[in-house]
Amino acid sequence: MSGRNPTEIWEESLDEGERRLMRRWTGLAATGLAGGIDVFFSILALAVVSAGLHEVLPEQTSHVLASVVFGIGFAFITLGRAELFTENFLLPVGAVFSGRARVTDILRMWLITMVFNLIGLLAFAAMFSVQDVLKPATLETAGTLADTLGDRGALAAFLSAIAAGTIMTLFTWVAAAAETASARIVASLIVGLVLALPSLNHAIVGFGEMAFGILAGTAESTWGDLARNFGLAVAGNLVGGVGLVFSTRLAQVRGEPGSQSGASGPKARRDARASNGAAGDGEPSAAANR
């Protein structure tokens, strides 16, 4: 089977996770704000294309076809190195698990990134909700997107959020494994399609969709509905991302022949890096080059 060894992907991911965790709060805030803005353009593209297609096609068909463009924002995020709160359920968690950082480091990162994701989304949702910035049909579609999430019961919202956390964290692993920018773009478009088709309950995307519809005045959902859904989405995303995908990838890496990767603690980390250094014919590690 072709492709990179899971152990190699894991070790490089730990370096990247450690780098993310060690940034100043200003760096976290900047990438979080950029991530919120980028993902809003996914929401905007979905609403504009859906509204245009709905002029000649049934609503559900329009949504399915428009979902193809939803991954645009994820491509922006991946290539521009912005971040969503939910992107950090794999690499930084691995760094903490391996003893390279503390739990408080990841909690700090999650909080700052989340807050600035939401600020970016709110700012652009408010901007595009102003009269005559967009066509009324697009704002009506924004309301439909919001109500799709707001009308779900608690159990359905939570289960949908588990699925969203799973696919988003799988995307993080695939992006880490990809060796070219074109491969990462394709992965971005695919994950966008998978999230948008069934309107999965992704915490950041869902917040943006509901805020956009509410601010546009075309949604029946309220800010209370948004708060309820956001809480369920965060919980479900964590279960899917950390509980399912991280644990699965950890087991995969631990199962590689002779692998010391995936073990926790400083000694295991040193052994894994020494083993990888020997396998790499003495080439310096990514961490040593920082």
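Refer to the structure above for everything that follows.
Cut-off values and rules
- Residues numbered from 1 in each chain as written.
- Predicted model: local features only at pLDDT ≥ 70, side-chain atom pairs only at ≥ 80, totals over all residues.
- Heavy atoms only, no water.
- Helix = DSSP H or I, 4+ residues; strand = E, 2+ residues; numbered from the N terminus.
- Buried < 20%, exposed > 50% of the residue type's maximum accessible area, 1.4 Å probe, protein only.
- Contact = heavy atoms within 4.5 Å.
- Salt bridge = Lys/Arg side-chain N within 4 Å of Asp/Glu carboxyl O.
- Axes fitted to C-alpha atoms, helices over the stretch in contact; angles between N-to-C directions.
- Left-handed = near helix turned anticlockwise from the far one by under 90°.
- Nonpolar A, V, L, I, M, F, W, Y, C, P; charged D, E, K, R; others polar.
- Polar contact = N/O pair within 3.5 Å; in protein donor to acceptor, adjacent residues only side chain to side chain.
- Parallel < 35°, antiparallel > 145°, perpendicular 65-115°, else oblique.
- Phe/Tyr/Trp six-rings, centres within 6.5 Å; stacked < 30°, edge-to-face > 60°.
- Expected span 1.5 Å × (residues − 1).
- Core = buried A, V, L, I, M, F, W, Y, C linked by side-chain atoms within 4.5 Å.

Peer 1: Before we go on, may I ask you to explain the overall build of the chain in this structure?
Peer 2: Summing up its helical and strand segments, the chain has twelve helices and zero strands in all. Its helices and strands in sequence order give the chain the pattern α-α-α-α-α-α-α-α-α-α-α-α, from N to C terminus. Evaluated residue by residue, the chain yields a buried proportion of 52% over its 290 residues. Considering only intrachain contacts with a sequence separation of at least 6, the fraction spanning at least 24 residues in the chain is 83%.

Peer 1: Honestly, the pattern of salt bridges in this entry has me stumped. Any pointers?
Peer 2: As a working rule, side chains carrying opposite charge can pair if their charged atoms are close by. Taken as a whole and assessed by the stated rule, the structure comprises nine salt bridges. The partner of Glu 16 in a salt bridge is Arg 20, with the nearest N and O atoms 3.1 Å apart. Remark: Arg 20 and Glu 16 occur in helix H1 (residues 6–21); sequence separation between them is four residues, near one turn of the helix. No difference in accessibility class separates Glu 16 from Arg 20, as the two residues are buried. Among the salt bridges present, the one from Asp 105 reaches Arg 102, with a minimum N-O distance of 3.2 Å.

Peer 1: Is there a simple way to think about the packing of helix H4 (residues 72–80) against helix H9 (residues 181–196) in this case?
Peer 2: Helix packing for two helices is described by the angle between their axes and how far apart those axes are. Where H4 meets H9, the closest approach of the two axes is 8 Å, and the angle between their N-to-C directions is 140°. Pair H4 / H9 crosses with right-handed handedness. On the side of H4, the interface is formed by Ile 72, Phe 74, Ala 75, Thr 78 and Leu 79, while H9 contributes Ala 181, Arg 184, Ile 185, Ser 188, Leu 189, Val 191, Gly 192 and Leu 195. Here the residues of the contact of H4 with H9 sort into nine nonpolar, three polar and one charged.

Peer 1: Looking at this structure, I do not really get the side chain of Asn 229. What am I missing?
Peer 2: Mapped onto the elements of the fold, Asn 229 is located in helix H11 (residues 223–254). Non-local contacts of Asn 229, meaning those with residues more than four positions away in its chain, are made with Leu 149, Ala 157, Asn 201 and Met 210.

Peer 1: Sorry, what's going on with the environment of Leu 121 here?
Peer 2: For Leu 121, the location among the structural elements is in helix H6 (residues 103–129). Every residue in contact with Leu 121, bar those within four places of it in the chain, is listed here: Gly 36, Val 39, Phe 40, Ile 43, Ile 204, Phe 207 and Gly 208.

Peer 1: How should unusual backbone geometry be read in this particular structure?
Peer 2: Both trends apply: most residues other than glycine have a negative phi, and most peptide bonds are in trans. One non-glycine residue with positive phi stands out, namely Arg 81, at about 60°. Tracing the backbone shows Arg 81 in the loop between H4 and helix H5 (91–97). The phi angle at Asp 132 is positive, at roughly 75°, despite the residue not being glycine. Tracing the sequence through the fold places Asp 132 in the loop between H6 and helix H7 (136–150).

Peer 1: Any chance you could explain the side chain of Thr 166 here in plain terms?
Peer 2: Residue placement: Thr 166 occurs in helix H8 (residues 154–177). Looking at Thr 166, its side chain comes within polar contact range of the main-chain oxygen of Ile 162, at 2.8 Å.

Peer 1: Can you help me understand the packing of helix H2 (residues 25–53) against H7 in this one?
Peer 2: Interhelical geometry of H2 versus H7 gives an angle of 115° and a closest axis separation of 8 Å. Considering the angle they form, H2 stands roughly perpendicular to H7. Handedness of the H2/H7 crossing: right-handed. In this structure, H2 uses Leu 46, Ala 47, Val 48, Ser 50 and Ala 51 to contact H7, whose residues at the interface are Ala 137, Thr 138, Thr 141 and Leu 145.

Peer 1: Sorry if this is basic, but what is going on with the packing of aromatic side chains here?
Peer 2: Both the distance between ring centres and the angle between the ring planes are used here to describe each pair of aromatic rings. One pass over the structure, following the stated rule, counts 15 aromatic pairs. Aromatic pair Trp 10 and Phe 246: ring centres 6.0 Å apart, planes at 35°, arrangement tilted. A residue pair is termed long-range when its members are at least 10 positions apart, and Trp 10 in helix H1 and Phe 246 in helix H11 qualify at 236 residues. Ring centres of Phe 89 and Trp 110 lie 5.5 Å apart, and the angle between their planes is 80°; on these two criteria the pair is classed as edge-to-face. Taken together, the positions of Phe 89 in the loop between H4 and H5 and Trp 110 in helix H6 put the pair 21 residues apart, joining distant regions of the chain. Side by side, Phe 89 and Trp 110 carry an identical accessibility label, which is buried.

Peer 1: Teacher, can you tell me more about helix H10 (residues 203–216) here?
Peer 2: Each full turn of the α-helix corresponds to 3.6 residues, which orients residues three or four apart in the same direction. Taking 1.5 Å of rise per residue, 14 residues should cover 20 Å, and H10 covers 20 Å from first to last C-alpha, within 8% of that figure. Counting buried positions along H10 gives 13 out of 14 residues, so the element sits mostly inside the fold. Gly 217, located one to two residues past H10, shows a positive phi value of around 80°.

Peer 1: Explain the nonpolar core here, please?
Peer 2: A general tendency of soluble globular proteins is for nonpolar side chains to be buried together. Judged by nonpolar contacts, the single largest core of 72 residues is most densely connected at Val 39, Phe 40, Phe 70, Phe 74, Leu 195 and Phe 212. The element best represented in this core is H6, accounting for ten residues. Beyond its immediate chain neighbours, meaning those up to four positions away, Phe 40 contacts Leu 121, Phe 124, Ala 125, Phe 128 and Phe 212.

None of this, on its own, says anything about what the molecule does.
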